[in-house]
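The chain contents come next:
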Amino acid sequence: MPIAMNFYFSAAIVSAICFVLLLRKGMTRRRNILLLLIDLNLLSASVLLFFFDFFAGMYPFFERSSLYLYHYLHCAFPLLFLLYAIELSGRWHALRLNQVLVIFVPIFLFYMVLLTNPVTNFAFTFAGDKYQRGNGILIEYICAVIYVTAAIWQMVRYTRAIGKHKIIELIAFTAFSIVGVVIQFLFPTLCLELFFESVGLSAIVGSVENSEQIIDQTTRLYNADTFMRDTQQLQLAGTKHAVIMIRICNYRALSSAIGFEPLNRLFRGIGAWMRSNFRGRYSMYYLEHGLFSMIVYRKNVRTGEADQAMLQIKQALSAAHTIQEIAIPIEADIFLIHMPEDAGSIEEAVELVEIVESNRSEGVRIFKEKDLAYYRRFLQVEDAIRRGLHSRNLQVYYQPIYDTQLKKFRSAEALARLEDEKLGFIPPDEFIQVAEKTGLIFDVGEKIFRMVCRDMSSEEFKKTGIEFVEINLSPVQCMKDKLGEDYHKIMEEYGISPEAISLEITESTAEKSQAMFRKSYHDLRDLGLSFALDDYGSGLSNLTSLLEMNYSIIKIDKSLLWNADEGEDGKIVLNNIISMFHSLNMEIVMEGVETAMQEGYLRDHGVRYLQGFYYSKAVPLADFVRFCKRYNGTA
């Protein structure tokens, strides 16, 4: 057998092996399909040239036809390699029509050369039975250089998206293939081109595209690791996309009710349904614990196809499901999350799904942009709190409390403020709620308490005439077993007497967290700290509980004062509340004082402590110190 035929035969064998390996990997990923096309290109070209040499001189028409077909096929090899590089970098769906047209210009030019070659003989000729290359064949090589250079540039440009190790392997295998092309170009009789290319391809199939465990064995969808790699690749490549996340909310309840294996059968059925309905349009994944996902490209979102897909999923999950003759009700949430508008990373997208309160017998719900706004803001505020804990963004402001008997400011309330460099000012009600739900309130509460103790220990603060400060205590903080110990250590560190601090507890804390609160209450009381009931009248007041807790101060919610301004009924309610607490010998702080008329009214009814914008809003420490020193005459 001639040497050329040996190389063609060897190239065909290697390509055939690659073909089998690629089929085993599955054809659901575009990159595998492109590799399969490259492999078929090489396999077909090798077979054509093998038979071209085998039948040399026997069937001229067959020889010439096979040679033309070879060139048509083989000049597409570098183009397919460029398309593979684009897909590998995550930029496939970012291609615009004009870019696609530019990509196909070089191969179009060479195809024109081939089409006219029977007349021009510009690419190659047959002198008798002998094949001879013409100058036009250089165009094929120029096209190859353009495509391979563009492929390498694409891979290097998006190294982070593809991975450094993969880039090194790809360039090495590409260089190996190029060596065979160069040798054959310089020495046409050494037909090494196809053999080198097929060996390079086999290396890519066996190494770069090694089938790592990418499939979830239960659902036969891609697994969580593949999802993270694919989405991170798109993110690093700057390709805008969206993800549809499907959360089976009653996953744990189902696993307890029907068992692990029946639940797997249910999820296997969901995976099969997704593959049969969305294969070829979306990449589909099963992450874990009842969480499915699909990558959606922007064109699908713009055309409304993604919305239609979500409705299909909703209808399928809402339908009756039966396992072992038992009806299985599926409660699920379906999310359409735009990347990066709704979430900057896939980790944030998963967080976004996780913080949405689970479905409670509401069937299947769909969440899109507007529905996710609250939860997206929640994550942003959470990040702001974390930044604030490690910076000066989280601060303490002080609002003075006026003593109508001594006619000076004797106490103050410490209020947390968060001014973030990204989100700006975040209202306390908002970030405290987020801190409580995420558990960050433990760190926030401790930092605020520490800052107040630090401020009170300063010489400037001691000159203000302020005798004690009220600090808010969250109900969630009461869950901390050693809260009293921690506060005691901080007060000792700054030399602050427990009598100088009053902890403010809202009605919701006292009412909803009795068991937790009572232990913390007694621990903190034993340290000598006093308690104030904040916002009395804003909730459902339990007078029995109020008496049991022995509060030193009752802070009446501003809404009661403002209602008293509106009419007689409001005044009757406020007067009776004031009278009741006076009869119980409890000190009252009236919140929300904003006018001289309100101040006069409260003085006349014996309310000693007043707090509100009429005197001062909450201000930073330096402003608070200046204010108190000036009005208390302690400057």
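Scope of this entry: the structure provided in the associated data block. (Residues numbered from 1 in each chain as written. Predicted model: local features only at pLDDT ≥ 70, side-chain atom pairs only at ≥ 80, totals over all residues. Heavy atoms only, no water.)

What follows is about the overall build of the protein chain. Tallying secondary structure elements over the protein chain gives 27 helices and 19 strands in all. In the protein chain, 71% of the contacts between residues at least 6 apart in sequence involve partners at least 24 apart. Here the protein chain has roughly 30,400 Å² of accessible surface; of this, 58% comes from carbon and sulfur atoms. (Helix = DSSP H or I, 4+ residues; strand = E, 2+ residues; numbered from the N terminus. Contact = heavy atoms within 4.5 Å. Areas by Shrake-Rupley, 256 points an atom, 1.4 Å probe, with all protein chains shown as cover.)

With that settled, consider the pattern of salt bridges. Under the defined criterion, the tally for this structure stands at 26 salt bridges. E446 is paired through a salt bridge with K480; the nearest N and O atoms lie 3.6 Å apart. Linking E446 in helix α18 (residues 441-457) with K480 in the loop between β13 (468-472) and α20 (483-494), this pair joins segments that are 34 residues apart in sequence. You can call K480 partly exposed: its relative accessible area is 27%. Its salt-bridge partner being R454, residue D455 comes within 3.2 Å of it at the nearest N-O pair. Look at R454 and you get partly exposed, because its relative accessible area is 41%. (Salt bridge = Lys/Arg side-chain N within 4 Å of Asp/Glu carboxyl O. Buried < 20%, exposed > 50% of the residue type's maximum accessible area, 1.4 Å probe, protein only.)

Moving on, we get to the packing of helix α6 (residues 137-157) against helix α8 (residues 164-186). Direction vectors running N to C along α6 and α8 enclose 170°, while the axes themselves pass 11 Å from each other. The orientation of α6 with respect to α8, classified from their angle, is roughly antiparallel. Contacts between α6 and α8 involve L138, Y141, V148, I152, M155 and V156 on the former and, on the latter, I167, L170, I171, T174, I178, V181 and F185. Here the contact of α6 with α8 is composed, by residue class, of 12 nonpolar, one polar and no charged. (Axes fitted to C-alpha atoms, helices over the stretch in contact; angles between N-to-C directions. Parallel < 35°, antiparallel > 145°, perpendicular 65-115°, else oblique. Nonpolar A, V, L, I, M, F, W, Y, C, P; charged D, E, K, R; others polar.)

Moving on, we get to the nonpolar core. I385, I501 and L503 are the most contacted members of the largest nonpolar core, which has 74 residues in total. A total of eight residues in this core trace back to one element, the largest contributor, which is α18. Apart from residues no more than four positions distant in its own chain, I501 is found in contact with F449, C453, M456, F468, V469, I471, M491, I496, L529 and S530. Residues F81, V113, V181 and I204 belong to the second largest nonpolar core, which totals 52 residues. (Core = buried A, V, L, I, M, F, W, Y, C linked by side-chain atoms within 4.5 Å.)

This part is about the packing of aromatic side chains. A full pass over the atoms with the stated rule returns 27 aromatic pairs. Look at Y222 and Y285: their rings are 5.7 Å apart centre to centre, the planes differ by 45°, and that puts the pair in the tilted class. Highlighted residues: Y222 in the loop between α9 (193-208) and α10 (224-236) and Y285 in strand β4 (residues 283-288), separated in sequence by 63 residues. An identical accessibility class is assigned to Y222 and Y285; each is buried. Three or more aromatic residues joined by ring pairs make a cluster, and in this case those are Y402, F409, Y614, Y615, F627 and Y631. (Phe/Tyr/Trp six-rings, centres within 6.5 Å; stacked < 30°, edge-to-face > 60°.)

Let's shift gears to a nonpolar patch on the surface. Taken together, the side chains of L138, I142, I146, I178, V182, F185, L186 and F187 make up a nonpolar region of the molecular surface, amounting to roughly 710 Å² of accessible area. Mapped onto the nonpolar patch, the elements with two or more residues apiece are α6 and α8. The leading source of residues in the nonpolar patch is α8, at four residues. One can find V182 in helix α8. The class for V182 is partly exposed, based on a relative accessible area of 41%. (Patch = residues over 30% accessible without salt bridge, like charges linked within 9 Å, V, L, I, M, F, W, Y side chains within 5 Å.)

Turning next to the side chain of E87. Tracing the chain through its elements places E87 in helix α4 (residues 77-88). The buried category is assigned to E87, whose relative accessible area is 12%. Residues within four places of E87 in sequence aside, it is in contact with R30, R31, L34, W92 and Q233.

Overall, mixed pairing links the five strands, which are arranged β4-β5-β3-β8-β9 in an open sheet. The two strands at the open ends of the sheet, each matched to only one other strand, are β4 and β9 (364-367). If you compare each strand with its neighbour and ignore which way they point, the axes differ by 20° on average. Relative to strand β8 (residues 332-339), strand β3 (residues 241-248) runs antiparallel, the two being bridged by eight bridges. Following the sheet pairing, M245 is matched in β8 by F335. Relative to the sheet, helix α15 (residues 346-355) contacts β3, β5 (291-297) and β8, its axis offset from that of β8 by approximately 150°. (Pairing = 2+ DSSP bridges.)

End to end, helix α14 (residues 305-318) covers 20 Å across 14 residues, agreeing with the expected 20 Å (1.5 Å per residue, within 8%). If you check which residues of α14 are buried, you get A306, A309, M310, I313, A316 and L317. Down the axis of α14, the buried side of the element spans an arc of 125°, and every buried residue falls inside it. Looking at the buried residues of α14, the elements they touch are β3, α12 (260-278), β5, α13 (298-302), β8 and β9. (Expected span 1.5 Å × (residues − 1). Arc of directions from axis to C-beta.)

For the rest of this paragraph, the subject is unusual backbone geometry. A cis amide bond links M339 to the next residue, P340, at an omega of 10°. Examined against the element boundaries, P340 turns out to sit in the loop between β8 and α15. For R220, which is not a glycine, the phi torsion comes out positive at approximately 65°. Look at N585: it is not a glycine, yet its phi comes out positive at around 60°. Inspection of the secondary structure puts N585 in the loop between α25 (568-583) and β17 (587-590).

Now for the environment of N264. With respect to the secondary-structure elements, N264 resides in helix α12. Given a relative accessible area of 13%, N264 falls into the buried group. In this structure the C-alpha to C-alpha distance between N264 and T218, which are 46 residues apart in sequence, comes to 6.5 Å.

With that out of the way, let us pick up the environment of S255. One can find S255 in helix α11 (residues 251-258). Expressed as a C-alpha distance, the spacing of S255 and H289, which sit 34 residues apart in the sequence, is 9.8 Å. Filtering out sequence-adjacent residues up to four positions away, S255 remains in contact with F260 and L263. At 2.8 Å, the side chain of S255 and the backbone oxygen of R252 are in polar contact. (Polar contact = N/O pair within 3.5 Å; in protein donor to acceptor, adjacent residues only side chain to side chain.)

Together, E288, E347, E351, E354 and D383 line one region of the surface with negative charge. For E354, the position within the fold is in helix α15. (Lys, Arg positive; Asp, Glu negative; His and termini not counted. Charge placed at Lys NZ, Arg CZ, Asp CG, Glu CD.)

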